[in-house]
Amino acid sequence: MTWYGSNNETYIAGRELGRGGEGCVYELTGHASQVLKIYNEPPDSKLYVKLQLMTAMCTPALEAFAAWPTDIVKDEAGVPAGFIMKKLTGYTALHHAFSPMDRKRLFPDKGYNFLVHVARNVATAFHRIHEAGIIAGDVNEGNMLVNTAGMVAFIDCDSFQIKDGDNYYYCEVGVPRYTPPEMLRRKSFDKVVRTEHTDNFSLAVLLFQLLFLGRHPYAGRNLTSGDMDEETAIRLGHFAYSLHKERKKLEPPKDSFALTNLPEDMVNLFHKAFETEERPKPAEWIKALDAMLANMQTCVNSRLHTYPGTLATCPWCTFRKERGIMFFLDDSYTQANASLGNIEHFINGFRPERPALEKWEYEEAMPHLVPEPLPPILQNAHKWRLTITATTALAGVIMLLYYTPVGVLLLLGAMQVYRHAWRKAEKRERKSRKEALTLATNRYYGMVRVYEHPAEMEGYERQLSQLLQLIAQFRQLPDEYKKRVREQEELLYQDQLDDYLRQYDIEEHSIPSISTARKAALQQSGIWNAAHISKLANIKVPGIGPVYEQKLYAWQRQMASGFVYIPDNYKMGLARQKATEEVNKIKHQLEQQIRAAYQSLNFLKMNINNKLTVMRPQLKELYLKMKQAETNARA
């Protein structure tokens, strides 16, 4: 469809790129660096005036950090319909950068310094729009994009707050987890004037998520008995990572990157952003992030493990070794992917290397195990049992000399003391130790089963099977090319044969058993010559049954007997070119799929090996606990 710009420039909409609640975005034919947004409903007069203001204030500085409206388009009737903006090629949503799983998939060769670099660019983007007197307002991880170079850009800019003199074009939407507390306390965002101060809160949340690998500053472990969701925590000012509050209601989630890992000036800025009314401006963040970038260190074990210079050791190696968490990939992953540069060489030499599964055995020398002491009530139970029994029995023997009934009772009492005193406590303790042994044994052998047969191997085998299928398809490409060339030559052969057979009219030739009436029926069905006989495979002609069809096919073969195929080199050249183009397209798609599948396979293998590495010391610990429980039970 054709649209018209403010200066009667013509825009032709191409392929649809995306669709949302407000409208659709399209490619532009002849404008490779721009795209077109068309609203689902024509913009009202207020939005139209707002778009006019936005296109008028467009500058190179704004376009560098935003898909800013550059021209308004109308339909043939002159009704406003949408606007033109810069095309953001190779960008993805910002949350893919700070989410560990997405980042390892989309940015596998990037380390923590990349996140700091992106954070610096996010702060710069806010700085630029604030310089232009613009307020983003509705900030979230989806309306800011990032590319592999760390460059960022705002999208959905038509929702930004724009001011024209004393007149505001409000931003009346927002995502709670990026909304400052003073805004959350309102019942709605209608006609609310946002400021740089409110934007600065949203900026701080985005920066925190980037530097803390997707964690939200107001989400953590609830230390209270009540509900504490993100929105409530923001409204009440409960910064989960705070180092200042003594009686906190939230604390960071388990396995979080610690706030103390950052340089002191960054720590102070986050406290200032989330615990005071003087939130840092973008320029303050830029200065601190520049200093942080300048002092980053690189781990000796992996060039992808970069971390703040204030730390003595690599935190990412610590997470991996102690917790089995791989926030960033390592060199072996990127080196493995480098082998995919020459895809043919990779495929010819590919041999699957499965994770190194092994039978578990405790190989260290067993320490000397001492039984745990009995409870105090049982430690001297046997001694007291014998003492009381002997004393009572002696008294019984003496009493037999003086008063037999009492003597008998004392002797019976001695027997009861020996048989029953402390026996219930002993039974409970024995049962407790047996249960502890059963529990320790089940835990140990349960983990052994997980270690020797990781559940993740099923996913690894599926991924490997997929990769092997793709490689098999790639290896079959030469045959696929020959097949397509052969099919094209068969078509050319058939075309020549059909041209030859068209000279034999059924009307002019005598065909055995085919009467004039049957010829008329054939002609009514579009069968006029020997070439048309082939149509009988798909249509039914009245009066022409299987027997007559065979007669017609026999006549067709008789007429074709004089045909001589003369290869058309020009057409065959075109056919080969077409086959080459089609097979190259398939080859390119398979290369991309093979790269993606191999990356996923490598990632799965690393996760499995990493899990086994973490489990080994845990298995040793469980084994010793089981042996200790055996010693306790025997005692």
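Residues numbered from 1 in each chain as written. Predicted model: local features only at pLDDT ≥ 70, side-chain atom pairs only at ≥ 80, totals over all residues. Heavy atoms only, no water.

Chemist: Can you walk me through the overall build of the chain in this structure?
Modeler: Of regular secondary structure, the chain possesses 22 helices and 15 strands. For the chain, whose C-alpha radius of gyration is 40 Å, the value lies well above the compact-globule estimate of 26 Å for 635 residues. For the chain, the spread of C-alpha atoms along the three principal axes comes to 150 × 85 × 50 Å. Relative to its full complement of 635 residues, the chain shows a buried share of 42%. Here the analysis covers contacts within the chain between residues at least 6 apart in sequence; of these, 66% occur between residues at least 24 apart. (Helix = DSSP H or I, 4+ residues; strand = E, 2+ residues; numbered from the N terminus. Rg over C-alpha atoms; globule rule 2.2 N^0.38 Å. Buried < 20%, exposed > 50% of the residue type's maximum accessible area, 1.4 Å probe, protein only. Contact = heavy atoms within 4.5 Å.)

Chemist: Got a minute to help me understand the packing of helix H19 (residues 477–501) against helix H21 (residues 546–560) in this structure?
Modeler: When two helices pack together, their arrangement is captured by the angle between the axes and the distance separating the axes. It is at 10 Å that the axes of H19 and H21 come closest, and there the two elements cross at 100 degrees. By the angle between their axes, H19 is roughly perpendicular relative to H21. Here Leu497, Tyr500 and Leu501 of H19 lie close against H21, whose contacting residues are Gln556, Met559 and Ala560. For the contact of H19 with H21, the class distribution of residues is 5 nonpolar, 1 polar and no charged. (Axes fitted to C-alpha atoms, helices over the stretch in contact; angles between N-to-C directions. Parallel < 35°, antiparallel > 145°, perpendicular 65-115°, else oblique. Nonpolar A, V, L, I, M, F, W, Y, C, P; charged D, E, K, R; others polar.)

Chemist: Honestly, the pairing of strand S5 (residues 71–74) in this entry has me stumped. Any pointers?
Modeler: In the case of a regular strand, side chains alternate between the two sheet surfaces. Sheet topology places S5 next to strand S6 (residues 80–86); 4 bridges connect them, and they run antiparallel. When the bridges of S6 are listed, isoleucine 72 appears paired with phenylalanine 83. Counting the residues in the hairpin turn of S5 and S6 gives 5 residues, including glycine 78, whose phi is positive at 85 degrees. (Pairing = 2+ DSSP bridges.)

Chemist: Got a minute to help me understand a nonpolar patch on the surface in this structure?
Modeler: Among the surface-exposed residues, Leu394, Ile398, Leu401, Tyr402 and Tyr403 lie close enough to one another that they form a single nonpolar patch of about 630 Å² accessible area. Among the structural elements, leucine 401 can be located in helix H15 (residues 381–402). (Patch = residues over 30% accessible without salt bridge, like charges linked within 9 Å, V, L, I, M, F, W, Y side chains within 5 Å. Areas by Shrake-Rupley, 256 points an atom, 1.4 Å probe, with all protein chains shown as cover. Salt bridge = Lys/Arg side-chain N within 4 Å of Asp/Glu carboxyl O.)

Chemist: What is the right way to look at the pattern of salt bridges in this model?
Modeler: Should the charged atoms of two oppositely charged side chains come close, the side chains can pair. Applying the stated criterion across every chain, the model contains 26 salt bridges. Linked through salt bridges whose partners overlap, the residues forming this network are Arg15, Glu27 and Lys87.

Chemist: Hey, could you run me through the nonpolar core in this one?
Modeler: Proteins that are soluble and globular tend to have nonpolar side chains buried together. Ranked by size, the top nonpolar core spans 87 residues in total, and within it Tyr112, Val122, Leu262, Phe270 and Trp285 carry the most contacts. Looking at this core element by element, the count peaks at 11 residues for helix H5 (residues 112–131). When near neighbours in sequence (up to four residues on either side) are disregarded, tryptophan 285 contacts Ala123, Leu203, Ala204, Leu207, Met266, Leu269, Phe270, Ala273 and Pro280. (Core = buried A, V, L, I, M, F, W, Y, C linked by side-chain atoms within 4.5 Å.)

Chemist: Explain the packing of helix H18 (residues 456–475) against helix H22 (residues 569–634) to me, please; I cannot follow it from the model alone.
Modeler: One can describe the packing of H18 onto H22 by two numbers: an axis separation of 9 Å at closest approach and a directional angle of 155 degrees. When the axes of H18 and H22 are compared, the pair comes out roughly antiparallel. For the crossing formed where H18 meets H22, the hand is left-handed. (Left-handed = near helix turned anticlockwise from the far one by under 90°.)

Chemist: In this structure, what is going on with unusual backbone geometry? I would like to understand it.
Modeler: For residues that are not glycine, phi is negative in most cases, and the peptide bond is trans in most cases. For aspartate 156, which is not glycine, the phi dihedral falls at a positive 55 degrees. Mapping aspartate 156 onto the fold places it in the loop between strand S9 (152–154) and strand S10 (162–164). A positive phi is found at aspartate 255, a non-glycine position, where the angle reads about 65 degrees. Topologically, aspartate 255 is positioned in the loop between strand S13 (250–251) and helix H9 (264–275).

Chemist: Just to check I follow, could you spell out the sheet that holds S9 for this structure?
Modeler: By way of backbone hydrogen bonds, the strands of a sheet pair with one another, either parallel or antiparallel. Taken in spatial order, the 3 strands make up an open sheet running S7-S8-S9, and their pairing is antiparallel. The sheet is open, and its two edges are formed by strand S7 (92–93) and S9, each paired on a single side. Packed on one face of the sheet, H5 meets strand S8 (144–146) and S9 and runs near 35 degrees to S9.

Chemist: Any chance you could explain the side chain of glutamate 452 here in plain terms?
Modeler: Its place among the elements puts glutamate 452 in helix H17 (residues 423–452). For glutamate 452, a relative accessible area of 13% puts it in the buried group. At 2.9 Å, the side chain of glutamate 452 forms a polar contact with the backbone nitrogen of tryptophan 360. Each residue touching glutamate 452, except ones within four places of it in the same chain, is listed here: Leu357, Glu358, Lys359 and Trp360. (Polar contact = N/O pair within 3.5 Å; in protein donor to acceptor, adjacent residues only side chain to side chain.)

Chemist: When you look at the packing of aromatic side chains in this model, what are you seeing that I'm missing?
Modeler: Aromatic rings considered in pairs are described by the distance between their centres and by the relative angle of their planes. Scanning the model with the defined rule gives 37 aromatic pairs in all. Pairing phenylalanine 270 with tryptophan 285 gives two aromatic rings, centres 4.8 Å apart and planes at 55 degrees, and the pair type is tilted. Placement of the pair is phenylalanine 270 in helix H9 and tryptophan 285 in helix H10 (residues 282–294), with a sequence separation of 15 residues. For phenylalanine 270, a relative accessible area of 0% gives the class buried. Judged by centre distance (4.6 Å) and plane angle (20 degrees), the rings of tyrosine 362 and tyrosine 623 are stacked. Here tyrosine 362, found in the loop between helix H13 (343–349) and helix H14 (376–379), pairs with tyrosine 623, found in helix H22; they are 261 residues apart in sequence, far enough to count as distant. (Phe/Tyr/Trp six-rings, centres within 6.5 Å; stacked < 30°, edge-to-face > 60°.)

Chemist: I tried to follow the pairing of strand S4 (residues 34–39) on my own but got confused; where do I start?
Modeler: In terms of burial, S4 is largely enclosed, as 5 of its 6 residues are buried. Alignment of strand S3 (residues 23–29) against S4, held across 5 bridges, turns out to be antiparallel. Of the residues in S4, the one forming a bridge with glutamate 27 is valine 35. Sheet topology places S4 next to S6; 5 bridges connect them, and they run antiparallel. Across the sheet, valine 35 pairs through a bridge with methionine 85, a residue of S6.

Chemist: How should helix H11 (residues 315–323) be read in this particular structure?
Modeler: Helical geometry note: an α-helix holds 3.6 residues per turn, so side chains three or four residues apart project in the same direction. Regarding H11, the residues found buried are Pro315, Trp316 and Phe319. One face of H11 carries all of its buried residues, which in axial projection span an arc of 105 degrees. With respect to the buried face of H11, the exposed residues turned more than 90 degrees away are Lys321 and Glu322. Next to the buried residues of H11 lie H5 and strand S15 (306–308). (Arc of directions from axis to C-beta.)

Chemist: Is there a simple way to explain the environment of methionine 399 in this structure?
Modeler: Along the chain, methionine 399 falls in helix H15. Exposure remark for methionine 399: the relative accessible area of 26% places this residue in the partly exposed category. Counting along the chain gives 339 residues from methionine 399 to proline 60, while the straight-line C-alpha distance between them is 115 Å. In contact with methionine 399, other than residues within four places in its own chain, are Thr404, Val406, Gly407 and Leu410.

Chemist: Please explain the environment of methionine 85 as it appears in this structure.
Modeler: If you trace the backbone, methionine 85 turns up in strand S6. For methionine 85, a relative accessible area of 10% puts it in the buried group. Sequence-wise, methionine 85 and glutamate 63 are 22 residues apart; in three dimensions their C-alpha atoms are separated by 8.8 Å. Those residues within four positions of methionine 85 in sequence are excluded, and the remaining contacts are Val25, Ser33, Gln34, Val35, Lys37, Ala67, Trp68 and Thr70.

Any link to function would need more than the numbers given here.
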